[in-house]
Amino acid sequence: MRGRRRHLIVWKLFRWAASPWLKRKFNFEPVPADIQGPCLILANHNTDWDPFLVGLSFNQHMYFVASEHIFRWGLLSWLIRWLFDPISRLKGTLAVDTVRAVIRRLRKSFNVCLFAEGNRSWNGVTCEILPSTGKLAKVCGATLVTYKLEGGYFTSPRWGLSLRRGKMRGYVVGVYPPETLSRMTVEEINALIKRDLFEDAYARQRENPVPFKGRRIVEALETTLFICPKCKGIGTLKSRDDRIFCDCGLDLRFNEYGFFEGNCVPFDNITDWDRWQTQQLRQLVQNCGEEPLFADNNIEITEILDKHKYVRLGKGQLKLWRDRLEFAGHIFPLKDITGISIHGAQAINLGVGNRNFELNCRSRFCGRKYMMAYEALKNQVVRSNA
């Protein structure tokens, strides 16, 4: 493989140079692991630093599957490819091209690491594992290694603006040779992966409380929590430093253990609040009429082209109706949308047929509510046709 020797040298130099700094920066304890390749390493995902942290447990070199958006950073993208040669993956999907690239490298006896959720957790609980993951593990002919990271959600929440120093740990949960996987169904493999990688950050905090100290520790939480539990207003929440509040009088403090304190605390944690707002959103979708569900201004839309090229299409107001998305003259019927996902805290990836778009805003907004409402609307259509 072209550049293989360079990738091995970079891997060794990086582990030697960066290991002490990463361990100190994240208070990270990597449990050493010795694997016999080729291996498909599946890990849970909570921080942007996870690839580097996973690598500290393994002496053996591995390639990583990375979100497609990092390939659109110009010179920095070129440097990342030259040093590490990651495999591209559109957020929230495990497309055929990505699967083929993973299998090709495994069959050349290289190790590949994939973050099985395809997303970072929103509320501290491991996201759903994509169903195609089990099929990939079964057909690739490599040993499956499951690797778990603990403490990542509070160290670097997906919605957060800064890192917090607490405690992190990473370790291998299971090693499954191809002979074992060949006797299992895809559903059984997916269940095994889900079991090994499951993490509930708040359950762990209740059992063994660890302070995670930092600055502006709740700021930007409204990119994840978008319904006020007191007045049920959508988009009315604001945050500053360690406080999240609403014009209705809700005013909560977020402490260094990740729990809410304040007047009339409806929930003491993000997980329960998020589950409540999910139910509220489903009711809203069920009762929606002819008015738009949501609207946000100053949204920029970009079309993602082949070979990581892109073109900006404009800027305007984004609206979601029960049957369509509208944006500055562009109409996307929900029946034509193949998927909506989020990268980072708020950027929307939109698939429409064979085209892919990204919608984002320079100011703070909640793109996640569009993804959640789309899923609820889609499920409503499926139930009505059943």
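Check the entry above for the structure.
Novice: What am I meant to see in the overall build of the chain here?
Specialist: Counting secondary structure elements, the chain contains 11 helices and 18 strands. Scaling as 2.2 N^0.38, a compact globule of 386 residues should have a C-alpha radius of gyration of about 21 Å, and the chain matches this with 21 Å. Overall, the chain is about 55 × 45 × 45 Å in size when its C-alpha atoms are taken along their principal axes. For the chain, the residues scored as buried account for 53% of the 386 residues in total. Surface accessibility of the chain: about 18,600 Å² in total, with carbon and sulfur atoms responsible for 51%. Treating the 58 positive side-chain charges of the chain as one cloud and the 39 negative ones as another, the clouds have centres 6 Å apart.

Novice: Is there a simple way to explain the pattern of salt bridges in this structure?
Specialist: Close approach of charged atoms allows side chains of opposite charge to pair. Applying the stated criterion across every chain yields a total of 24 salt bridges. With a closest N to O distance of 4.0 Å, Lys194 and Glu128 form a salt bridge. You can see Lys194 sitting in helix H8 (residues 186–197) and its partner Glu128 sitting in the loop between strand E5 (111–115) and helix H5 (132–139), a full 66 residues away along the chain. With a closest N to O distance of 3.4 Å, Glu199 and Lys148 form a salt bridge. With Glu199 in the loop between H8 and helix H9 (201–207) and Lys148 in strand E6 (residues 143–150), this pair connects stretches of sequence that are 51 residues apart. As far as the burial class goes, Glu199 and Lys148 line up, both buried. Within the structure, one salt-bridge network assembled from shared partners comprises Lys148, Glu150, Glu199 and Arg204.

Novice: When you look at the state of the cysteines in this model, what are you seeing that I'm missing?
Specialist: The bond known as a disulfide is covalent and runs between the sulfur atoms of two cysteines. This model, assessed by the stated rule, comprises 0 disulfides. Of all cysteine sulfurs, the one in Cys366 lies closest to Cys361, which takes part in no disulfide; the gap is 12 Å.

Novice: Would you mind going over the side chain of Arg120 with me for this structure?
Specialist: Relative to the helices and strands, Arg120 resides in the loop between E5 and H5. With a relative accessible area of 8%, Arg120 lands in the buried category. A distance of 3.0 Å separates the side chain of Arg120 from the side chain of Asp48, its partner in a polar contact. One polar contact links the side chain of Arg120 to the main-chain carbonyl oxygen of Pro157, over a distance of 3.5 Å. The contact partners of Arg120, leaving out residues within four places of it in the chain, are His45, Asn46, Thr47, Asp48, Cys127, Ser156, Pro157 and Arg158.

Novice: Sorry, what's going on with the packing of aromatic side chains here?
Specialist: Each aromatic ring pair is specified by the distance between its two centres and by the angle formed by the two planes. In this structure the tally under the stated criterion is 19 aromatic pairs. Seen from their ring centres, Phe154 and Tyr202 are 5.1 Å apart, and the 85° between their planes marks the pair as edge-to-face. Residue Phe154 is found in helix H6 (residues 152–155), and its partner Tyr202 is found in helix H9; the two are separated by 48 residues along the sequence. You'll find Phe154 and Tyr202 in the same group, each marked buried.

Novice: Explanation requested: the sheet that holds strand E11 (residues 260–262) in the structure shown.
Specialist: Sheet strands pair by backbone hydrogen bonding; their relative direction is either parallel or antiparallel. Spatial strand order, E8-E9-E10-E11: 4 strands in an open sheet with antiparallel pairing. Looking along the sheet, the strands with just one partner apiece sit at the ends: strand E8 (238–240) and E11. Strand-to-strand, the axes of this sheet are offset by a mean angle of 30°, without reference to chain direction. Note: strand E9 (residues 243–245) against strand E10 (residues 251–254), 3 bridges, orientation antiparallel. Its bridge partner being in E10, Arg243 is matched across the sheet by Arg253.

Novice: What's the story with the nonpolar core in this structure? I'm lost.
Specialist: Most often, soluble globular proteins have nonpolar side chains that are buried together. In terms of nonpolar packing, the biggest core is built from 58 residues, with Phe260, Ile270, Trp273, Leu320, Leu325, Ile337 and Leu350 touching the most fellow members. A total of 7 residues in this core trace back to one element, the largest contributor, which is helix H11 (residues 368–385). What Trp273 contacts, discounting residues up to four positions off in sequence, is Leu225, Ile227, Pro229, Leu237, Ile244, Leu250, Leu252, Phe260 and Phe267. Among the nonpolar cores identified, the runner-up in size contains 25 residues, and Leu114, Ile189, Ile193 and Leu197 belong to it.

Criteria and cut-off values
Residues numbered from 1 in each chain as written. Predicted model: local features only at pLDDT ≥ 70, side-chain atom pairs only at ≥ 80, totals over all residues. Heavy atoms only, no water. Helix = DSSP H or I, 4+ residues; strand = E, 2+ residues; numbered from the N terminus. Rg over C-alpha atoms; globule rule 2.2 N^0.38 Å. Buried < 20%, exposed > 50% of the residue type's maximum accessible area, 1.4 Å probe, protein only. Areas by Shrake-Rupley, 256 points an atom, 1.4 Å probe, with all protein chains shown as cover. Lys, Arg positive; Asp, Glu negative; His and termini not counted. Charge placed at Lys NZ, Arg CZ, Asp CG, Glu CD. Salt bridge = Lys/Arg side-chain N within 4 Å of Asp/Glu carboxyl O. Disulfide = S-S within 2.5 Å. Polar contact = N/O pair within 3.5 Å; in protein donor to acceptor, adjacent residues only side chain to side chain. Contact = heavy atoms within 4.5 Å. Phe/Tyr/Trp six-rings, centres within 6.5 Å; stacked < 30°, edge-to-face > 60°. Pairing = 2+ DSSP bridges. Axes fitted to C-alpha atoms, helices over the stretch in contact; angles between N-to-C directions. Core = buried A, V, L, I, M, F, W, Y, C linked by side-chain atoms within 4.5 Å.

Distances and angles like these do not, on their own, reveal function.
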